[in-house]
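Fold and geometry: a report
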Amino acid sequence: MNEAVIVSAVRTPIGTARKGTLRDTPGEQLAEHILVEAIRRSGLSPDLIDDVIFAESHYGGGDLARYAAVAAGLNRVPGQAVNRYCAGGLTAVANAAGSIRSGMDKVIVAGGVNASSMSPKPTWRVPGTEDTEVRLPRTFPYRDDAADDTSLSVGWNIAQKYGLTRKDMDAWAVRSHHRAVAAIDAGVFADEIAPIKVTTSDGSVVEFAVDEHPRRTTSLEQAAKVKPVHPEIDGFSITAANASGGNDAAAALTLTTPEIAAEHGLTALGRVRAWASIGVDPKFTGDGSIAVIPLVLERAGLSLSDIDLWEINEAFASVPVSVCRQFELDEETVNIYGSGCSLGHPIAASGARMLTTLAHELHRRGGGIAVAAMCAGGGQGGAVVIEA
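This one's a predicted model, so the numbers in the text were calculated from it and none came from an experiment.

Let us look at empty space enclosed by the protein. Tallied over the entire structure, the rule returns 1 cavity of 30 Å³ or more. If you add up the space inside the largest cavity, you get close to 40 Å³. Along its surface, the largest cavity is lined by Leu309, Trp310, Glu311, Asn335, Ile336, Tyr337, Thr357, Leu358 and Glu361. Every element with two or more residues in the lining of the largest cavity is listed here: strand E12 (309-312) and helix H10 (347-365). Tallied by class, residues from the lining of the largest cavity come to 5 nonpolar, 2 polar and 2 charged.

As structure tokens, then:
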């Protein structure tokens, strides 16, 4: 069976939804930009691309991957949209790796696109009535014990289950911001970010090149003063300070075989070693990462001690805190440059963003093994193992 290697990994800067730089940038533009950049940075001819697989979430039911292929002049290249909510970007890369390893395709660009600011909000009929409401499609099934539409109970339920305090979550989130800001200042993301020209609402054109969501001045004292989002829920301690934001971004990786990479003189950033997805009780969606990590390690033939770096998405700070405690992970190896609480969580793009950051970091280190894992809407978990 073939190996699937990563020959490019790139992302846009992450914008803050509805008030940030990408608020007027449609998903189609993000998709086209990141596809063109992923191919260019791969060093492969566009004629070699067999498919484009992009994750989407809440973007109107279209096929951004196909739209991007056509916009890039790749009429022969089809496009596939996948949706596994937060884990969609991981699933897109996993699907690409599977097709390449099976020999069906040789070169695929895979990733995710999330334009929260521009997501259309359809009109839905309220079940059992003739009333309608404007909202995004549901992330969770209609069940009394499932997470609510805001998804905030995901963070709270997992905090309760594992005995986490507000201080535990705030401390993790504050450190996430500090790590992200330090990484930005050190130029860590320079190799993985593809700046994008954006037309603003006043018609001016600006180049967006730096993640804008991390807060430079945050502290434990400031975080402690932030009010819970839903104080009417007894004991609720999920706040804007210890949860991810709404964000806009796109990320993509180009995957191929080692033989094609060698034929074109390319240096691979790493190989996709294993992947896994799993379902969990929707009430405890935050358990998705905890459930999927043992499965993906088993498939990779690895143990926890074999992993050099971890990306555990911070949809809520309670998720990585619970993962670290459950598996006794060294926190210095987890989200070393920040994650959802700081960089942001552009839902469909987050998994591909995490893999992009890990691939570049492993390459800088000269090798190693990394795991990207995350919980996902509806009661799911996803993970991908890469090795350099």
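Following the structure, the description resumes.
Once that is clear, we can look at the side chain of Asp248. Note that Asp248 resides in strand E10 (residues 247-256). Buried Asp248, no salt bridge; nearest opposite-charge side chain is Arg18, N-O distance 6.5 Å. A distance of 2.7 Å separates the side chain of Asp248 from the backbone nitrogen of Ser116, its partner in a polar contact. Side chain to side chain, Asp248 and Ser117 meet in a polar contact 2.6 Å long.

What follows deals with the state of the cysteines. Per the counting criterion, the structure on display carries 0 disulfides. Lacking any disulfide linkage, Cys324 is separated from the closest cysteine sulfur, that of Cys341, by 13 Å. A disulfide-free cysteine, Cys341 has its sulfur positioned 11 Å from the sulfur of Cys375, the nearest such atom. Overall, the relative accessible area of 2% leaves Cys341 in the buried class.

Helix H9 (residues 318-327) packs onto helix H5 (residues 166-185) with a crossing angle of 100° between their chain directions and a minimal axis gap of 9 Å. Relative to H9, the element H5 is oriented roughly perpendicular. Within the contact between the two elements, H5 uses Asp168, Met169 and Trp172 and H9 uses Ser318, Pro320, Val321, Cys324 and Arg325. A class-by-class count of the residues in the contact of H5 with H9 yields 5 nonpolar, 1 polar and 2 charged.

Counting residues in each nonpolar core, the largest one holds 45 residues, and the members touching the most others are Ile6, Leu253, Leu255, Val272, Leu355 and Ile386. The leading source of residues in this core is H10, at 7 residues. Those residues in contact with Ile6 that sit more than four places away from it in its chain are Leu253, Thr254, Leu255, Ala268, Leu269, Gly270, Val272 and Ile386. Judged by nonpolar contacts, the second largest core, of 40 residues, contains Phe140, Ala300, Val323 and Leu329.

Here the structure, examined in full by the defined rule, presents 1 aromatic pair. A centroid spacing of 6.1 Å and a plane angle of 85° characterise the contact between Phe189 and Tyr337, whose relative ring orientation is edge-to-face. Note that Phe189 is positioned in the loop between H5 and strand E8 (196-199) and Tyr337 in the loop between H9 and H10, a separation of 148 residues in sequence. Each member of the pair Phe189 and Tyr337 is classed as buried. Of note, Lys161 hangs over the ring of Phe284, and the distance from its end group to the ring centre comes to 4.8 Å. A cation sits over an aromatic face here: Arg175 above Trp172, 4.6 Å from the ring centre.

This next bit is on the layout of surface pockets. A volume near 210 Å³ is recorded for the second largest pocket. Residue lining of the second largest pocket: 14 residues in total, with Thr16, Lys19, His213, Gly245 and Gly246 positioned closest to the centre. In terms of residue class, the lining of the second largest pocket is made up of 4 nonpolar, 6 polar and 4 charged.

With 19 residues, H10 should reach 27 Å at 1.5 Å per residue; the first-to-last C-alpha distance of 28 Å fits that figure. Counting buried positions along H10 yields 15 of 19 residues, so the element is predominantly enclosed. Within two residues after H10, Gly366 carries a phi angle of roughly 85°, on the positive side.

A few words on the environment of Ala96. Tracing the chain through its elements places Ala96 in helix H3 (residues 88-102). Residues Ala96 and Ala291, spaced 195 residues apart in sequence, show a C-alpha to C-alpha distance of 23 Å. Those residues in contact with Ala96 that sit more than four places away from it in its chain are Ile53, Ile108, Ala110 and Leu255.

With that settled, consider the pairing of E12. Burial of the side chains of E12 extends over both faces: Leu309 and Glu311 are buried on one face and Trp310 and Ile312 on the other. Bridging between E12 and strand E13 (residues 369-376) involves 4 bridges; their strand directions are parallel. The residue bridging Trp310 from the neighbouring strand is Val371, located in E13.

Cut-offs applied
- Residues numbered from 1 in each chain as written.
- Predicted model: local features only at pLDDT ≥ 70, side-chain atom pairs only at ≥ 80, totals over all residues.
- Heavy atoms only, no water.
- 1 Å grid on protein atoms, 1.4 Å probe; cavity = no way out; pocket = protein on both sides within 12 Å on 5 of 7 lines; lining within 4 Å.
- Points joined across faces, edges and corners; volume = space filled by probe spheres on them.
- Helix = DSSP H or I, 4+ residues; strand = E, 2+ residues; numbered from the N terminus.
- Nonpolar A, V, L, I, M, F, W, Y, C, P; charged D, E, K, R; others polar.
- Buried < 20%, exposed > 50% of the residue type's maximum accessible area, 1.4 Å probe, protein only.
- Lys, Arg positive; Asp, Glu negative; His and termini not counted.
- Salt bridge = Lys/Arg side-chain N within 4 Å of Asp/Glu carboxyl O.
- Polar contact = N/O pair within 3.5 Å; in protein donor to acceptor, adjacent residues only side chain to side chain.
- Disulfide = S-S within 2.5 Å.
- Axes fitted to C-alpha atoms, helices over the stretch in contact; angles between N-to-C directions.
- Parallel < 35°, antiparallel > 145°, perpendicular 65-115°, else oblique.
- Contact = heavy atoms within 4.5 Å.
- Core = buried A, V, L, I, M, F, W, Y, C linked by side-chain atoms within 4.5 Å.
- Phe/Tyr/Trp six-rings, centres within 6.5 Å; stacked < 30°, edge-to-face > 60°.
- Lys NZ or Arg CZ within 6 Å of the ring centre and 35° of its normal.
- Expected span 1.5 Å × (residues − 1).
- Pairing = 2+ DSSP bridges.

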